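Residue-level listing of the chains:
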Amino acid sequence: MAACAGTLLSASGAHASRVWALAEFGTGYVVGPYHFEGEANPVFGGSGLLEFDATVQSPTIGLPGALGYSMPAGLALGVGADLVIIPLPDVVLAETDLSVGYVTAFSAVAGFHPSESGLSLRFGVGFAQSAFAYGKNDISSPDNIVEPEVVTGPIGSLGVGWLWSGVGVGGRISYARLSGDQSSFDPLILSVGLLLETW
């Protein structure tokens with residue numbers, strides 16, 4: 001996401017816990033509904049509740065990372081931070097155009113990696129927030145009220161990869177349910193990228 005990733009330690013017997021760190025650079029795609037509802041702008045003669053819906057679809061750039069401890073049996077636990085940039089949302093809500101957006105997340109992460117080379121599984125659950133820059137057409141319209149806000153909520157992510165001595169490739173899926181006073185955004189983010197690990 002979401003986002004966030006965890007990875008693991010090789011199971012080389014009963015050694016003590018060690019520091020584990022992960023960094024990832026990935027690209028992908030986001031899709032999700034964006035909903036806004038608010039009172040019509042009375043300055044322009046409007047009244048009542050107005051609702052606008054759109055679907056955010058855009059390529060993404062993702063920069064997740066994690067830090068924690070590895071343990072025997074190929075397990076690792078830690079905390080993760082994630083930044084997903086949404087450069088081309090291409091969304092219009094009434095007289096408002098959404099431009100560049102982001103999703104950030106802080107999560108508890110866990111993973112399983114039984115050896116230095118091979119399969120890596122990662123899972124994260126945490127808290128995310130998202131916002132979009134926007135432009136507005138200031139015309140005399142009762143629905144000229146949409147001002148995108150920061151939305152927050154839970155996020156979960158699942159990743160799988162293949163490592164060769166701490167370097168590898170992987171894919172990740174993240175899903176969040178984010179809301180604010182007037183808006184909601186439920187992004188599904190798919191990504192692939194380069195994994196770097198130390199343990």
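Treat the numbers as computed from the prediction; the structure is a model and nothing was measured. Per chain, the residues get numbers from 1 upward, laid out in the order the sequence is written. Owing to the predicted nature of the model, reporting of local features is limited to residues with pLDDT of at least 70; listing and counting of side-chain atom pairs is limited to 80 or more, with chain, interface and lining totals taken over all residues. Values reported for side chains reflect all heavy atoms of the structure, with hydrogen atoms and water molecules removed beforehand.

Visitor: Whenever I open this one, the side chain of His35 confuses me. Can you help?
Guide: Note that His35 resides in strand β1 (residues 18-39). Pairs of N or O atoms are called polar contacts if they sit within 3.5 Å, as long as, within protein, a hydrogen donor faces a hydrogen acceptor (for residues adjacent in sequence, only side-chain-to-side-chain pairs). Polar side-chain contacts of His35 include one of 3.5 Å to the side chain of Glu51. A distance of 2.5 Å separates a polar atom in the side chain of His35 from a polar atom in the side chain of Asp53. Segments assigned H or I by DSSP are reported as helices when at least four residues long, segments assigned E as strands when at least two residues long, and all are numbered from the N terminus.

Visitor: Looking at this model, I keep getting lost on the pattern of salt bridges. Mind explaining?
Guide: Side chains carrying opposite charge are able to pair once their charged atoms draw close together. Salt bridge criterion: a side-chain nitrogen from Lys or Arg within 4 Å of a carboxyl oxygen from Asp or Glu. Using the criterion set out here, one finds two salt bridges in the structure. The salt bridge involving Arg172 is made with Asp82; its shortest N-O contact spans 2.9 Å. Here Arg172 is found in strand β9 (residues 167-176), whereas its partner Asp82 is found in strand β4 (residues 75-86), with 90 residues between them in sequence. Here the two residues Arg172 and Asp82 agree in accessibility, since each one is buried. Here Asp186 and Arg177 are joined by a salt bridge, their closest N and O atoms 3.6 Å apart. Only protein chains enter the accessibility calculation, which uses a 1.4 Å probe; a residue is then buried when its area is under 20% of its type maximum, exposed when over 50%, and partly exposed in between.

Visitor: Just checking my understanding: could you explain the nonpolar core for this structure?
Guide: Within soluble globular proteins, side chains that are nonpolar generally end up buried alongside one another. Counting residues in hydrophobic clusters, the biggest one holds 23 residues, and the most contacted among them are Tyr34, Val56, Ile86, Leu93, Phe132 and Phe185. Elements with a contribution of two residues or more to this core: β1, β2 (49-62), β4, β5 (91-93), β6 (96-112), β7 (118-136) and β8 (151-164). For this analysis, residues touch if any pair of their heavy atoms sits within 4.5 Å. Discounting chain neighbours no more than four positions away, the residues touching Ile86 are Val30, Val56, Ser58, Pro59, Thr60, Ser99, Val100, Gly101, Tyr102, Val103, Phe132 and Phe185. Take the buried residues of types Ala, Val, Leu, Ile, Met, Phe, Trp, Tyr and Cys, join any two whose side-chain atoms come within 4.5 Å, and each joined set is a nonpolar core. Within the second largest apolar cluster, eight residues are counted, among which are Leu22, Ala76, Leu163 and Trp199.

Visitor: What am I meant to see in the environment of Gly153 here?
Guide: Within the element layout of this structure, Gly153 appears in strand β8. Owing to a relative accessible area of 9%, Gly153 belongs among the buried residues under this scheme. C-alpha separation for the pair Gly153 and Ser179, spaced 26 residues apart in sequence, amounts to 6.4 Å. Setting aside chain neighbours within four positions, we find Gly153 in contact with Gly126, Phe127, Ala128, Arg177 and Leu178.

Visitor: Would you explain the pairing of β4 in this entry?
Guide: Two faces belong to every sheet, and in a regular strand the side chains alternate between them. Here β4 shows a clear split, with Ala76, Gly78, Gly80, Asp82, Val84 and Ile86 buried on one side and none of Leu75, Leu77, Val79, Ala81, Leu83 and Ile85 buried on the other. When DSSP locates at least two bridges between a pair of strands, those strands are taken to pair. Both β2 and β4 contribute to a ladder of two bridges, which runs antiparallel. If you follow Gly62 over to β4, its bridge partner there is Val84. What sits between strand β3 (residues 65-71) and β4 in their antiparallel hairpin is a turn of three residues, with Ala73 showing a positive phi close to 70°. Bridge count between β4 and β6: 12 bridges; the pairing is antiparallel. In the strand pairing of β6, Gly80 is matched with Ser107.

Visitor: Looking at this structure, how should I read the confidence of the model for the protein chain?
Guide: One rule of thumb: low pLDDT means the predicted coordinates there are not for detailed reading. Confidence of the predictor at the level of single residues is captured by pLDDT, which takes values from 0 to 100. Here the protein chain averages 85 in pLDDT, while 84% of its residues score no lower than 70. Across the protein chain, the secondary-structure element scoring lowest on mean pLDDT is β5, at 86, and the one scoring highest is strand β10 (residues 178-179), at 98. Per-residue pLDDT stays below 50 along residues 1-15; that stretch engages in 84 contacts with residues further than four places along the chain or on separate chains.

Visitor: Just to check I follow, could you spell out the pairing of β2 for this structure?
Guide: Pairing of β1 with β2, which is carried by 14 bridges, proceeds in the antiparallel orientation. The partner of Glu39 across the bridge, within β2, is Leu49.

Visitor: I'm lost on unusual backbone geometry in this one. Help?
Guide: For residues other than glycine, phi is negative in most cases, and the peptide bonds are mostly trans. Phi angles above zero are rare outside glycine, and Asp90 is one such case at about 50°. The class for Asp90 is exposed, based on a relative accessible area of 71%. We note that Ser165 has phi near 50°; this positive angle belongs to a residue other than glycine. As for its placement among the helices and strands, Ser165 is situated in the loop between β8 and β9.

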